[in-house]
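Remarks on the overall topology
In case you want the letters, here they are:
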Amino acid sequence: AGLRPICEFMTFNFSMQAIDQVINSAAKTHYMSAGRVPVPIVFRGPNGASAGVAAQHSQCFAAWYGHCAGLKVVSPWNAVDAKGLLKASIRDDNPVVFLENELMYGVPFELSEEAQSKDFVVPIGKAKIERPGPAFNYLDSPVFRVTGADLPMPYAKTLEENCTPQVKDIIFAVKNTLNLI
């Protein structure tokens, strides 16, 4: 009908109520119509761990949706990416899952003049180099990931803090990698 709807989930955990429509209808219609019926819809909302929302609202759906043919999945980390990727998502003729980190909602970011222009867009599917100089060939040991605990997020604040990566966990990983422990 010429519209470009944006379906906002209060949390992406609620997208499970619409999983058939997202995966089997939106994601497949453009392909199954041989490109005649575009599906320019954006599914957006908070995704992943957050504060005080327990196990039912702290799951990350990036990998799950990322493995569904017909969907494009983006996840901005700062205000520039959020603005530019949301504009690109709305303009795309395919369904886009726009995953936002709820913990980042209150974090202030600088916006360049370029990012503030009405024509600013961050293209989907093109890598963004945040800082040049990936020294992958110079690694002397395997990459070690510091991640959250592999269990449902608890509700109690002290348990929640112990399930998400903290500064002490990063320091431990660095010292362990350098054989300083």
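Attention here is on the structure that accompanies the text. Keep in mind the model is a prediction, meaning the values are calculated, not measured.

1. Let's talk about the overall build of the protein chain
Of regular secondary structure, the protein chain possesses six helices and four strands. In sequence order, the secondary structure elements of the protein chain are arranged as β-α-β-α-β-α-β-α-α-α. Each of the three principal axes of the protein chain carries a C-alpha extent, and together these read 60 × 40 × 30 Å. In the protein chain, 74% of the contacts between residues at least 6 apart in sequence involve partners at least 24 apart. Here the protein chain has roughly 12,400 Å² of accessible surface; of this, 59% comes from carbon and sulfur atoms. Distance between charge centroids for the protein chain: 5 Å, based on 16 positive and 17 negative side chains.

2. Remarks on the nonpolar core
Across soluble globular proteins, you tend to see nonpolar side chains buried next to one another. Formed by 16 residues in total, the largest nonpolar core has its most connected members in Phe-12, Val-22, Ile-23, Phe-43, Tyr-65, Leu-71 and Val-97. Every element with two or more residues in this core is listed here: helix H1 (19-32) and strand E4 (96-101). No other element matches H1, which puts four residues into this core. If sequence neighbours within four positions are ignored, Phe-43 has contacts with Cys-7, Phe-9, Phe-12, Val-22, Ala-26, Pro-95, Val-96, Val-97 and Phe-98. Counting nine residues, the second largest nonpolar core, distinct from the first, contains Val-74, Val-80, Val-96 and Ala-115.

3. So, the environment of Ala-115
By the secondary structure assignment, Ala-115 is in helix H4 (residues 113-116). By relative accessible area, which is 0% here, Ala-115 ends up buried. In the structure, Ala-115 is positioned 36 residues away from Ala-79 in sequence and 9.1 Å away in space, judged by C-alpha atoms. If near-sequence neighbours (up to four positions away) are discounted, Ala-115 is found in contact with Val-80, Lys-83 and Phe-120.

4. Notes on the pattern of salt bridges
Considering all chains together, one arrives at eight salt bridges under this definition. Measuring nitrogen to oxygen at the nearest pair gives 2.7 Å for the salt bridge that ties Asp-93 to Arg-4. A residue pair is termed long-range when its members are at least 10 positions apart, and Asp-93 in the loop between helix H3 (79-91) and E4 and Arg-4 in the segment before strand E1 (6-8) qualify at 89 residues. Residue classification places Asp-93 among the partly exposed positions, given a relative accessible area of 35%. For Lys-128, the salt bridge identified is with Asp-81, shortest N-O distance 2.6 Å. Separated by 47 residues along the polypeptide, Lys-128 in the loop between H4 and helix H5 (157-163) and Asp-81 in helix H3 bring together distant segments of the chain. Relative accessible area serves as the criterion here: at 45%, Lys-128 is assigned to the partly exposed category. Counted as one network, the salt bridges with shared partners bring together Glu-8, Arg-44 and Glu-100.

The rules behind these values
- Residues numbered from 1 in each chain as written.
- Predicted model: local features only at pLDDT ≥ 70, side-chain atom pairs only at ≥ 80, totals over all residues.
- Heavy atoms only, no water.
- Helix = DSSP H or I, 4+ residues; strand = E, 2+ residues; numbered from the N terminus.
- Contact = heavy atoms within 4.5 Å.
- Areas by Shrake-Rupley, 256 points an atom, 1.4 Å probe, with all protein chains shown as cover.
- Lys, Arg positive; Asp, Glu negative; His and termini not counted.
- Charge placed at Lys NZ, Arg CZ, Asp CG, Glu CD.
- Core = buried A, V, L, I, M, F, W, Y, C linked by side-chain atoms within 4.5 Å.
- Buried < 20%, exposed > 50% of the residue type's maximum accessible area, 1.4 Å probe, protein only.
- Salt bridge = Lys/Arg side-chain N within 4 Å of Asp/Glu carboxyl O.

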